[in-house]
Amino acid sequence: MFQLLIVDDEASVVDSLADTLPWPEAGIGSVYKAYSGFEALDILKTNPIDIIMTDIRMPGMSGLELLEEVRRNWKKIKCILLSGHAEFEYAKQAIQHNTFDYLLKPISDEAILSKVKHAVDVVQREREESQSYQRVLKALEENLPKLRAELLNELLQGVKYSKQRLTEKLDLLKMSIAPDCPFALMLVRMEGQLSELDFYSLSLMEYAIGNMAEEICEGYFHLWPGKDVYGYLVFVVTVTDEKQAELAQTENRRETVENQLQLMASQLQLSVSHYLKGTVSVLISKWGSFPDDMNRLYQDSLLSLRRRVGNQSGLLIYVSDEMEQQPVHSLQRLYEPPLLIHLLESGNWDAAHEKLTGILDELHMKWADSAEHLIEVFFFVYASFSSFAHKNGRELAQMIGPVLSDAAGLTACRSIAALENWMFQSFRRLQQCMENETRNNRENAVRKIQQFVQKHLVEDVSLQAIADHMYMHPVHVSRIYKLETGENISDYVLRLKMEMAASLLADNTLKNYEIALKLGYQNPNYFIKVFKKYYSLTPQEFRLKLEEGK
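The rules behind the values
Residues numbered from 1 in each chain as written. Predicted model: local features only at pLDDT ≥ 70, side-chain atom pairs only at ≥ 80, totals over all residues. Heavy atoms only, no water. Helix = DSSP H or I, 4+ residues; strand = E, 2+ residues; numbered from the N terminus. Rg over C-alpha atoms; globule rule 2.2 N^0.38 Å. Buried < 20%, exposed > 50% of the residue type's maximum accessible area, 1.4 Å probe, protein only. Contact = heavy atoms within 4.5 Å. Areas by Shrake-Rupley, 256 points an atom, 1.4 Å probe, with all protein chains shown as cover. Pairing = 2+ DSSP bridges. Axes fitted to C-alpha atoms, helices over the stretch in contact; angles between N-to-C directions. Right-handed = clockwise from strand over helix to strand, strands pointing away. Phe/Tyr/Trp six-rings, centres within 6.5 Å; stacked < 30°, edge-to-face > 60°. Lys NZ or Arg CZ within 6 Å of the ring centre and 35° of its normal.

### Here's the deal with the overall build of the protein
Thinking step 1. Helices and strands together make up the secondary structure of the protein, namely 25 helices and ten strands.
Thinking step 2. A globule of 550 residues ought to have a C-alpha radius of gyration of about 24 Å, yet the protein, at 34 Å, is considerably larger.
Thinking step 3. A principal-axis box enclosing the C-alpha atoms of the protein has dimensions of 100 × 65 × 45 Å.
Thinking step 4. Burial status across the protein gives 44% buried among its 550 residues.
Thinking step 5. Of the contacts made within the protein by residues no fewer than 6 positions apart, 67% connect residues no fewer than 24 positions apart.
Thinking step 6. In the structure as shown, the protein presents an accessible area of about 29,600 Å², 50% of it carried by carbon and sulfur atoms.

As structure tokens, then:
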């Protein structure tokens, strides 16, 4: 969806167009309003506008002057002139400024939407054909192996994606695997002299082994290659569509596929030994459903590697059912990404609370009576809280209090109820401490903004000038001010100027144009228009009312 900016000094025209037309039908996602050329420029500096629809005749800065600025600084924006003046001179100047279209009032809503939709189509086409867009596509193509490996690692570590989101990522990365597809994992551990290679040589060997595996499995299996955090090569193995059709009528289809995969894994070991003069151990997991069984099969495979391979080399292992029958398991929610510490550091308090709730739910379901699991959770959460406090320049006791931060005696681990109470009390205090600090920082920033505006009210108090003074981005300045005060900076500036104007109008020796200049308005007529819009009275009417009051 694209962004539209409507500019007109008649507020009723802007509000009517922005609020009543069905803009999404024309491909417009957001509509911005500006009631002068200067306000339009401020919006352009802080928002990614795609299309401008502006009136020609406006006080202070005309529509043509605005288009000249747009052409100079935002060349890709499409400009549509909307005016009730049909003079040829205007049309000629508009053409000189590369105006996209020129509309004469009155014009129907359907015609306006049609013109904007046409502009949207042109912008979309230009983007698709632009060099930058092509460069992005090329960069994506060049980095597909890396991006695929990163997604594979996320799934192995237990990252959860919705079915729609995962399908979108798989399509973007041009992956043939689909949700609910049967798969197996094949882990390859490089051993002996292969594990002692330098980084460059090791990368070449990994690439060579990956190519060998794909050549050996070609026609029978699809391989999705990657490398896990332990340095093992990991392949997600799926049967090709052609081979599935061929095996559809086979009685022992599953056994046939498993035997074929083991045979090809053995061929891979022989090829590495013969061509690369190295040794690898290969482990093949059981079959599961993608992506639900990814993390479980991966953890089972790692357990099998630790137990059945150890320090031996050149082994070919197939994970059997008995590997799953373990009396004790690790807490999955505790270690699956995103980790608690990462959620705290990113300030995602809702997700962090949900993470703690998920950990406790798993404890309640499986390990409520396990003292070791309670202690494991306590120290993991305590370490996360402590690390977060230290990274913010505090001791944990300063943020949650000396009682909650005291780990002596492990009081919080004596029962799951005690652990739950400690976790959420500590979490709430940690959150409150950070929110107070953030609020104080925002309040200080707002005070500095207001002091700057008050000091430079009749000078340059544009959003950019304020941002430069605060050493912040204009968008950030605008957002924190709105968040803290509930009003826009431009509204605050206008309010101060109008209050000053009202005060100056009490002095009968000052002319209206003198007051306008004192307030920084170079065009007295524009000052009168702004004043009337604010007070519903012209400056002269306001002055007469003051005299009547006296």
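### Thoughts on the sheet that holds strand β4 (residues 78-83)
Thinking step 1. Within the open sheet, the five strands sit side by side as β2-β1-β3-β4-β5. Their pairing is parallel. The two strands at the open ends of the sheet, each matched to only one other strand, are β2 (28-34) and β5 (101-104). For this sheet, the mean inter-axis angle between neighbouring strands, taken without regard to orientation, is 20°.
Thinking step 2. Relative to strand β3 (residues 51-54), strand β1 (residues 2-7) is paired through four bridges, and the arrangement is parallel. Bridged to Leu4 within β3 is Ile51.
Thinking step 3. Of the strands in this sheet, β1, β2, β3 and β4 touch helix α1 (residues 11-20), which is tilted by about 170° from β2.
Thinking step 4. Together, β1, β2, β3, β4 and β5 form the strand contacts of helix α5 (residues 109-129), whose direction differs from that of β4 by roughly 165°.

### Describing the pairing of strand β9 (residues 279-289)
Thinking step 1. In terms of burial, β9 is largely enclosed, as nine of its eleven residues are buried.
Thinking step 2. Across nine bridges, the pairing between strand β6 (residues 182-191) and β9 is antiparallel. For Met186, the partnering residue across the bridge sits in β9 and is Ile284.
Thinking step 3. Bridging between β9 and strand β10 (residues 316-318) involves three bridges; their strand directions are parallel. In the strand pairing of β10, Val282 is matched with Leu316.
Thinking step 4. The parallel pair β9 and β10, bridged by helix α12 (residues 294-309), forms a crossover whose chirality is left-handed.

### Side note on unusual backbone geometry
It is generally the case that most residues other than glycine have a negative phi and that most peptide bonds are trans.
Thinking step 1. With omega at -5°, the peptide bond leading from Phe290 into Pro291 counts as cis.
Thinking step 2. Mapped onto the secondary structure, Pro291 falls in the loop between β9 and α12.
Thinking step 3. Note that the residue after Pro337, namely Pro338, is joined by a cis bond; omega there is -5°.
Thinking step 4. Of note, the phi angle at Lys174 is positive, near 55°, even though the residue is not glycine.

### Regarding the packing of aromatic side chains
Thinking step 1. Following the criterion strictly, the structure yields 20 aromatic pairs and no others.
Thinking step 2. Summarising the aromatic geometry, the rings of Phe378 and Tyr382 are spaced 5.6 Å apart at their centres and angled 40° between planes, so their arrangement reads as tilted. Residue Phe378 and its partner Tyr382 are both found in helix α16 (residues 371-391); the two are separated by four residues, about one turn of the helix.
Thinking step 3. Residue class for Phe378 comes out buried when judged on its relative accessible area of 2%.
Thinking step 4. With a centroid separation of 5.9 Å and 55° between ring planes, the pair formed by Phe527 and Phe531 is classed as tilted. Of this pair, Phe527 and Phe531 both sit in helix α24 (residues 524-535), separated by four residues, roughly a single helical turn. With respect to class, Phe527 is no different from Phe531; both count as buried.
Thinking step 5. Taken together, Tyr521, Tyr526, Phe527, Phe531, Tyr534, Tyr535 and Phe542 form an aromatic cluster joined through their ring pairs.
Thinking step 6. Over the face of the ring belonging to Tyr521 we find Lys497, whose NZ or CZ atom lies 4.8 Å from the ring centre.
Thinking step 7. For the cation-ring pair, Lys533 lies above Tyr35, with the distance from its terminal atom to the ring centre recorded as 4.0 Å.

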